[in-house]
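Residue strings, one per chain:
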Amino acid sequence: MAVYKNDGEDVKQAEFVGTGSEEEQKAIDSVYNTMYDYYVQLVNTVGWDDYDTFFNSYFAKLKEVRHQVYGDDFLDYEYMFGALEANVAAYGESLMGAEETLAADGKTVLKEAFDGKYAELFGKDYKLTAEVTECKELSEADAKAYVDGFKARIAPASQADKSELAALGLTDEEDINNYTDAFAKLDCSESIGKVAEAVVDVKDQNGKVIVQQKVSLVKIGNCWYVDNTNIDTSALYLAK
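Rules of the game
Residues numbered from 1 in each chain as written. Predicted model: local features only at pLDDT ≥ 70, side-chain atom pairs only at ≥ 80, totals over all residues. Heavy atoms only, no water. Helix = DSSP H or I, 4+ residues; strand = E, 2+ residues; numbered from the N terminus. Buried < 20%, exposed > 50% of the residue type's maximum accessible area, 1.4 Å probe, protein only. Contact = heavy atoms within 4.5 Å. Areas by Shrake-Rupley, 256 points an atom, 1.4 Å probe, with all protein chains shown as cover. Lys, Arg positive; Asp, Glu negative; His and termini not counted. Charge placed at Lys NZ, Arg CZ, Asp CG, Glu CD. Core = buried A, V, L, I, M, F, W, Y, C linked by side-chain atoms within 4.5 Å. Expected span 1.5 Å × (residues − 1). Pairing = 2+ DSSP bridges. Axes fitted to C-alpha atoms, helices over the stretch in contact; angles between N-to-C directions. Salt bridge = Lys/Arg side-chain N within 4 Å of Asp/Glu carboxyl O. Phe/Tyr/Trp six-rings, centres within 6.5 Å; stacked < 30°, edge-to-face > 60°. Lys NZ or Arg CZ within 6 Å of the ring centre and 35° of its normal. Polar contact = N/O pair within 3.5 Å; in protein donor to acceptor, adjacent residues only side chain to side chain.

(A) Representation of the overall build of the protein chain in the model. Secondary structure summary: the protein chain contains seven helices and six strands in total. Going from the N terminus to the C terminus, the protein chain shows its helices and strands as α-α-α-β-β-α-β-α-α-α-β-β-β. The dimensions of the protein chain, computed from C-alpha atoms along their principal axes, are 60 × 55 × 30 Å. Counting the 240 residues in the protein chain, one finds 30% classified as buried. Within the protein chain, residue pairs in contact and separated by at least 24 positions form 59% of the contacts whose partners lie at least 6 positions apart. Per element, the accessible surface of the protein chain, about 14900 Å² overall, is 49% carbon and sulfur. Charged side chains in the protein chain number 23 positive and 46 negative. The centres of these two groups are separated by 6 Å.

(B) Focus on the nonpolar core. Counting 26 residues, the largest nonpolar core has Val-31, Met-35, Tyr-39, Tyr-58, Phe-59, Leu-62 and Tyr-70 as its most contacted members. Contributing elements (two or more residues each) for this core: α1 (22-45), α2 (51-70), α3 (77-96) and α4 (117-122). With seven residues, the top contributor of residues to this core is α1. Discounting chain neighbours no more than four positions away, the residues touching Tyr-39 are Trp-48, Phe-54, Tyr-58, Leu-84, Asn-87, Val-88 and Tyr-91. The next biggest cluster of nonpolar side chains, apart from the first, holds nine residues, and it includes Phe-150, Ile-154, Ile-192 and Val-195.

(C) Seen up close, α2. Taking 1.5 Å per residue, 20 residues should reach 28 Å; α2 reaches 27 Å between its end C-alpha atoms and fits that length. Looking at the packing, one finds that the buried side of α2 touches α1 and α3.

(D) Summary view of the sheet that holds strand β4 (residues 192-203). Pairing in this open sheet of four strands is antiparallel, and the strands run β3-β4-β5-β6 from one edge to the other. Lying at the two open borders of the sheet, with one neighbouring strand each, are β3 (129-137) and β6 (223-226). Direction aside, the axes of adjacent strands within the sheet are offset by 35° on average.

(E) A look at the pattern of salt bridges. A full pass over the atoms with the stated rule returns 11 salt bridges. The salt bridge involving Lys-203 is made with Glu-131; its shortest N-O contact spans 3.0 Å. Of this pair, Lys-203 sits in strand β4 while Glu-131 sits in strand β3, placing them 72 residues apart in sequence. Where Arg-153 meets Asp-227, a salt bridge forms, and the shortest distance between an N and an O atom there is 3.0 Å. Residue Arg-153 is found in helix α5 (residues 140-158), and its partner Asp-227 is found in the segment after β6; the two are separated by 74 residues along the sequence. Assessed through its relative accessible area of 3%, Asp-227 is described here as buried.

(F) Region of the structure containing the packing of aromatic side chains. This structure, assessed with the given rule, holds 13 aromatic pairs. Judged by centre distance (5.4 Å) and plane angle (75°), the ring pair of Trp-48 and Phe-55 falls under edge-to-face. With relative accessibility at 26%, the residue Trp-48 sits in the partly exposed group. With a centroid separation of 5.4 Å and 85° between ring planes, the pair formed by Tyr-58 and Phe-59 is classed as edge-to-face. The exposure class of Tyr-58 is buried, given its relative accessible area of 0%. Here Phe-59 falls in the buried class, since its relative accessible area comes to 0%. Every member of this aromatic cluster is reached through a ring pair, and the members are Tyr-39, Trp-48, Phe-54, Phe-55, Tyr-58, Phe-59, Phe-81 and Tyr-91. When the ring centre of Tyr-38 is taken as origin, the NZ or CZ atom of Lys-61, which lies over that ring, is 5.6 Å away. Sitting over the face of the ring of Tyr-79, Arg-66 holds its NZ or CZ atom 4.5 Å from the ring centroid.

(G) Structural view of the side chain of Asp-227. A polar side-chain atom of Asp-227 sits 3.0 Å from a polar atom in the side chain of Arg-153. One polar contact links Asp-227 to Thr-229, side chain to side chain, over a distance of 2.6 Å. Those residues within four positions of Asp-227 in sequence are excluded, and the remaining contacts are Tyr-146, Phe-150, Arg-153, Ser-216 and Val-218.

Shown next, in the form of structure tokens:
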């Protein structure tokens, strides 16, 4: 993500930025709406399991769209995640629907209530629940093999060196150090004590199993964590 950040003091922004004007609001809406269509495309084609590709693709596109709409090349983390969070919220509403939103006067309707995709799929009074139905701890040998696999998956990122980061476009020394320090901490393989595998059933309001999700769990200290480096949640994208 640091590759796309461009917020130095010498980076000029469009004159309307920070004015709170109608022009600025239209620009924000234009960017958010364009990026929403791209966000949905990424959800359907990449998915959040591959969050590295997801983030890189999203922010590369945002940089392009911002330039087209604002006419500048400024991009900071606040703007980047402001756009992303707005898209995440809008996508959530497209699935779950939304209640009517009124202005401060209690009368003016800012947003009409609507049903989402889940209501179309499972009925207006749908209710989705998740329940762990199986959970089995791996043997010591299998757990060791799993941890070795975990380390292999994490190593390329956790051991990224400065030359590799420079090839990605990172040249600022502080950004490079922050990146390498953060990713080095991702390798927690030496701290994994136990490993388990679980099955989660997602059910509708009638108790029907809609999908089963397998997850791998690792124990670090006294806590268990889902290993999101080894999961395929594609079946959970029910509205594709």
